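Residues per chain, in single letters:
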Amino acid sequence: MKLGRRAFLAAGAAVACSSAGPPPGRKVAPLWFTYGGKNRQVLEALVRSFNQSQGEHWIKPVYQGDYFEGLAKLRTALAARRAPALSHVVGEVVPYLADADVLESLDTYPGARELDVVPALGQAGSWIGGAERRLVALPFNRSTPIAYLNGRIFAEQKLAAPKTWEELRAVAARLTERAAGRVVRYGFGCPIDWWFWAALVGQAGGDVVEADGSVSLGGDAGARALDFWKTLVLEDGNMKPPPGRDYNAWEQTNQDFLASRVAMIWTSTAFLKYLEENAPFPVVAAPLPGATRRAVPTGGTHWVMLRSAPEAEKATAWAFLRFMHETENAVTWATSTGYLPVTRSAVAKLEGDGYYAKHPNDRVALDQLAVARPWPWSRDLFRVQREIVQPRLEGAVLGGRDTRAALDEARALARRWR
Amino acid sequence: MRETRTLRQPLREGVIDVGLGLAALVWLLPYLWMLSTSLKTLPEIVRAPTAPLPSGFELGAYRAVLEAMPLARYFLNTTLMALGIAVLQILVALPAGYALAKLKFAGRGVAFGMVVATLLIPAQVRFVPVFALLADFGLVNSMTALILPFGVSAFGTFLIRQALLSVPDSLIEAARMDGASELRIVYGLLAPMLKPTLVSFFLFSFVYHWNDYFWPLVMTTDDAVRTLPLGIALLREQGTGVRWHIVMAGNVLLSAPALAVFALAQKHLLRAVASKGP
Amino acid sequence: MRPSRRLDPLWMLGPTVALLVLFFFVPLLQAAKSSFYDWDLLTPPRYVGLDNYRALIETGELRHALTTTLTLSVIVVLGSMSLGLALALGLNRPGRFAAFVRSAVFSAYVVSWVSVALLWLWVLDADAGAFTALCRALGIPTTNWLGNPRAALYALAGVTIWKIAGYSMVLFIAGLQDIPRSLYEAASLDGAGAWQRFVNVTWPLLRPTAAFVGTTSLIISFQVFDVVRVMTQGGPVRSTSVFVYAIYEQVFLNLRVGRASALVVVFFVMLLGLTALQLWAWRKKGAA
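Everything numeric here is computed off the predicted structure, so don't read it as measured data.

Points about the overall build of chain C
A tally of regular secondary structure across chain C gives twelve helices and two strands. From first element to last, N terminus to C terminus, chain C shows the α and β order α-β-β-α-α-α-α-α-α-α-α-α-α-α. With respect to the three principal axes, the spread of C-alpha positions in chain C is 75 × 70 × 30 Å. Every one of the 288 residues in chain C was classed for burial, and the buried ones make up 49%.

Notes on the overall build of chain A
Of the regular secondary structure elements, chain A holds 18 helices and 14 strands. The C-alpha atoms of chain A give 22 Å as radius of gyration, which agrees with the globular expectation for 418 residues (22 Å, within 12%). With respect to the three principal axes, the spread of C-alpha positions in chain A is 70 × 50 × 50 Å. Each of the 418 residues in chain A was classed as buried or not, and the buried ones make up 56%.

Side note on the sheet that holds strand E1 (residues 27-33) of chain A
All names here are of chain A. Reading across the sheet, the five strands line up as E2-E1-E3-E13-E4 and stay open at both edges, with mixed pairing between neighbours. Every interior strand has two partners, whereas the edge strands, strand E2 (57-63) and strand E4 (138-143), have only one. The average undirected angle you get between the axes of adjacent strands in this sheet is 25°. Here E1 pairs with strand E3 (residues 86-90) via two bridges, running parallel. Within the sheet, the bridge partner assigned to Trp32 lies in E3 and is Ser87.

Looking at the domain arrangement of chain A
Bring the parts together and some accessible area is lost; that lost area is often taken as the interface size. All names here are of chain A. When its domains are assigned, chain A resolves into domain 1 (23-143 + 299-367) and domain 2 (145-297 + 380-416). Here the C-alpha centre of domain 2 lies 28 Å away from the C-alpha centre of domain 1. The interface is formed by 23 residues belonging to domain 1 together with 23 residues belonging to domain 2. For the side of domain 1 that touches domain 2, the secondary-structure elements that each account for two or more residues are helix H2 (37-53), helix H4 (94-99), E4, strand E13 (299-305), helix H13 (327-337) and helix H16 (360-368). Ranked by residues supplied to the side of domain 1 that touches domain 2, first place goes to H16 with five residues. Its residues placed into classes, the side of domain 1 that touches domain 2 shows nine nonpolar, nine polar and five charged.

A word on helix H12 (residues 311-325) of chain A
Residue and element names in this part refer to chain A. Along its 15 residues, H12 runs 21 Å from first to last C-alpha, staying within 8% of the 21 Å computed at 1.5 Å per residue. What H12 keeps buried is the set Glu313, Lys314, Thr316, Ala317, Trp318, Phe320, Phe323, Met324 and His325. Buried-residue contacts for H12 involve E1, H2, E2, E3, E13 and H13.

Topic: the interface of chain C and chain A
At the interface, 19 residues of chain C touch 22 residues of chain A. A class-by-class count of the residues in the side of chain C that touches chain A yields nine nonpolar, nine polar and one charged.

Quick notes on the environment of Ala170 of chain A
All names here are of chain A. Looking at where Ala170 falls in the secondary structure, it is placed in helix H7 (residues 165-175). Its 15 C-beta neighbours within 10 Å are what place Ala170 among the partly exposed residues. Along the chain, Ala170 and Gly187 lie 17 residues apart, while their C-alpha atoms are 9.4 Å from each other.

What about the interface of chain B and chain C?
Listed per partner, the contact involves 71 residues of chain B and 70 residues of chain C. For the side of chain B that touches chain C, the elements supplying multiple residues, two or more each, are helix H1 (8-38), helix H4 (71-102), helix H5 (108-117), helix H6 (123-136), helix H9 (169-177), helix H13 (228-233), helix H14 (244-264) and helix H15 (266-274) of chain B. A total of eleven residues in the side of chain B that touches chain C trace back to one element, the largest contributor, which is H1 of chain B. Here the residues of the side of chain B that touches chain C are counted per class, giving 51 nonpolar, eleven polar and nine charged.

Considering unusual backbone geometry
All names here are of chain C. Phi is positive for Leu41, which is not a glycine, with a value near 70°. Structurally, the position occupied by Leu41 is in the loop between strand E1 (37-38) and strand E2 (46-47). Its identity is not glycine, yet Gln233 carries a phi of approximately 50°, on the positive side. Inspection of the secondary structure assignment puts Gln233 in the loop between helix H10 (226-232) and helix H11 (243-252).

Let's talk about the pairing of strand E10 (residues 264-268) of chain A
Residues and elements named next belong to chain A. Among the five residues of E10, five are classified as buried, and the element is accordingly described as predominantly covered. In the sheet, strand E5 (residues 145-150) pairs with E10 via five bridges, with the strands oriented antiparallel. Bridged to Ile146 within E10 is Thr267.

Observations regarding the packing of helix H9 (residues 220-236) of chain A against helix H17 (residues 381-399) of chain A
Residue and element names in this part refer to chain A. The interhelical angle for the contact between H9 and H17, taken along N-to-C directions, is 35°, at an axis separation of 9 Å. You can see that H9 and H17 cross each other, and the crossing is right-handed. Every residue of H17 that contacts H9 at Leu226, Trp229, Lys230 and Val233 is listed here: Leu393, Ala396 and Val397. Taken together, the residues of the contact of H9 with H17 break down into six nonpolar, no polar and one charged.

Some remarks on the confidence of the model for chain A
All names here are of chain A. In this model, chain A carries an average pLDDT of 86, and 93% of its residues clear a pLDDT of 70 or more. Of all the helices and strands in chain A, helix H1 (residues 2-16) carries the lowest mean pLDDT, 41, while E5 carries the highest, 95. Note on residues 1-19: pLDDT under 50 across the span, and 14 contacts to partners over four residues away in sequence or across chains.

Here's the deal with the confidence of the model for chain C
Considering every residue of chain C, the mean pLDDT works out to 87; 98% of them sit at 70 or more. As scored by the predictor, the complex reaches a pTM of 0.84 and an ipTM of 0.85.

Describing the packing of helix H7 (residues 152-177) of chain C against helix H9 (residues 194-222) of chain C
All names here are of chain C. Contact geometry for H7 and H9: axes closest at 10 Å, N-to-C directions at 155°. Judged by the angle between their axes, H7 and H9 are roughly antiparallel. Crossing of H7 against H9: the hand is right-handed. On H9, the residues that touch Thr160, Ile164, Ser168, Leu171, Phe172, Gly175 and Leu176 of H7 are Leu206, Thr209, Val213, Ser217, Ile220 and Ser221.

Some points on the environment of Phe150 of chain B
Residues and elements named next belong to chain B. By the secondary structure assignment, Phe150 is in the loop between helix H7 (143-147) and helix H8 (154-165). Linking Phe150 and Val186, residues 36 residues apart in sequence, is a C-alpha distance of 21 Å. Filtering out sequence-adjacent residues up to four positions away, Phe150 remains in contact with Ile85, Gln89 and His209.

Reading guide: rules and limits
Residues numbered from 1 in each chain as written. Chains lettered and ligands numbered in written order. Predicted model: local features only at pLDDT ≥ 70, side-chain atom pairs only at ≥ 80, totals over all residues. Helix = DSSP H or I, 4+ residues; strand = E, 2+ residues; numbered from the N terminus. Buried ≥ 20, exposed ≤ 12 C-beta atoms within 10 Å, placed from the backbone. Rg over C-alpha atoms; globule rule 2.2 N^0.38 Å. Pairing = 2+ DSSP bridges. Axes fitted to C-alpha atoms, helices over the stretch in contact; angles between N-to-C directions. Domains from an automatic or database assignment. Contact = placed C-beta atoms within 7 Å. Nonpolar A, V, L, I, M, F, W, Y, C, P; charged D, E, K, R; others polar. Expected span 1.5 Å × (residues − 1). Left-handed = near helix turned anticlockwise from the far one by under 90°. pLDDT = per-residue confidence, 0-100. Parallel < 35°, antiparallel > 145°, perpendicular 65-115°, else oblique.

Next comes the structure, spelled out in structure tokens:
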């Protein structure tokens, strides 16, 4: 019975291999990637380019869903001792994985020191004390949150991008249109997500998790950040909180912006090309406003190699990582998507070619790196984000729950149940 | 049925007919709209999402589905898995049902009790330890992980036992006197007699496991043995606009086999369900 | 009968028992054991006693999972049973039209939950979905069915009812057909109208079937997972975080196997109660 099944499977698999498989003799390594749409296409094109540019290695990309689904699968695979050689994960979870000793140290790989990553995007700049630790993460699709403005509406109303919270509130009020008691267009929209809340907390002068790992949730700044959202959503009614969870909400924000249902949104620079290409109006990117100070978190993911993968696969994975850090490819990745170019030589090339002069929107995220705040190297960061903070943000803003109560509860939980 | 209020009858019948027609619409229209959406282009959907008929017969969405995933491999994986499970369950349940129905031996009550008890332990209760166990043997993300844990079907065992209870003992004794081994009796004599039951059960189990999402979700990590429900569910990509025509095309491909089996073998499936299976 | 060889039952029941022990009973015991540990699948487990249960209670997670699941279940059971009964009453007749409608209704039960979830994700889309458009056309106020924390659970309940009403219908039809015609005729002769016939003849004889359908639907609704995973991922604001989804999330997203195992133990105990109820209902039907 089993033999028949296996033969069947082999025959079927041979037939089913429509997407070109690796030619014989190549060293194959799987790359588990997440997120779809346009960015997926760009990544797959780069993978194809890598596979065709040399004859030794072959990367097999496997799609695993969104960041959280993909992370779940990666952790499952680690537990099942079937992890791929290469994947990419959000910055908040890297310390946890590193401490669990599942990440491969990259220091010893050839050329690791010469990769010339942009400091704010690499390990050194992404985590406090990142430079002193063994290298485990390289930047992949790195981003900051930025504001996108509907160019036509802003020009019509003769408004500029808000630079402070008060200005944001005023602009949102000006741009919200009502008809027959219903809101026809919102002035501002933003996913109720940890990332943007972290940005607000930073702007209000606080840090979500302190450098020593204690979960302060920004203290007073955390409450002010949450209250700001609540004011915009519940009091003024000028901010559209997009529905749905995680990336459903992000996607809804984009759609609302494209359909002119919202005049100004905050979302990742990652969607720059997508929005520019699909908007029936000029898209203007702008940096986020500040309150006490200007601050943004960085986002996106980092490449990681998994220690338990076979050595041959890791060698192939490394070859691909070097490929992605070559100036040309870093430039292609950044300019096709909106993510930041990860090497200094890529940035220099883009500046030298006058790219930013022609595409000022792309500069916004890059310039914001000057005020980017690193995460603490804390193994609890991801858990605090997912389990404790995220649900309470939604509860406070969407459910009208008392801000201080929600945050106090979150802090208590974080301390009690490590 | 004699009805004294003859005037009310046609009106009542009419109302019921309308009601039934509505019911048919409620259950059919969503699928028709799904099909229609799958044949549209994205601009068309943005413009007129609820237009009942596509303006053209666009197969672009189906092409996109085929490009986005190894569809044939998923289909094959799913079919093999469901087939493997259904066949294994029948092979295992036949002797078990026979022993429980016909034979007297020490421990029969215990065995029967064990089979009943498994109805209380659904997949969601056992998946983590089973996962850990399979991981220890390096069997996660393999057909074994998808098939073996379902090797026993309490439902199937009971069905077979029930059916065998009505087979006269004399038949079996006669076969024994003819020198047939118990093995031959179970698989060679009784199994063919139980064909309708086995066919119903096979179809029921096949469709049920073909459609399963939870277990493959937990037990697979990549494309090697990924099943179709998982693959199609991944179509709802995030971040740059859900492409509904593609998601619906994938859904058409996912629903078609189950609906085909249903269309061809309705009676058998209904029989299995009506005999109080889950 | 005696087995022709004394050890025959060994090979006959051997595979069954072996598979059951390996994949049912041992895992159950292990899940119970894991509930007393803190384990993330990547590092060695750490004994924590009753902490997991305490955490579930103090964080309110247990209560939340219970209320969410029970709310969903009550709506699903009542909805699918009444709908199933109504359909059965209307469709328990010969003729091709009735057969066609029966097939249409039951077809939803045959396809996968993923298929139904993806379909309704589109139909319930707040901007472009057919259901939303229909509501607008009829003047019914719309909301974001799956994105509004107050509406999402009910939307999922509706989808679940749509999928399993056919199952209730089939069982009720079988139950109706067991009722002898003569009883209806006798009631008719006594002058009973349609409603009285239902109350005095149909319903009492249908009660055992109803009890069975009810408990089975209850168990199905308790195990709902796919629609949640595909349509709402437990949100918005965790309003659709039913039991099985909460277990899944604890294991795969939070990597808290111990906490998940504690949830599993509670879940198992609940199912024990429900299945006892189901067996009792089945006995009554068999006896009737």
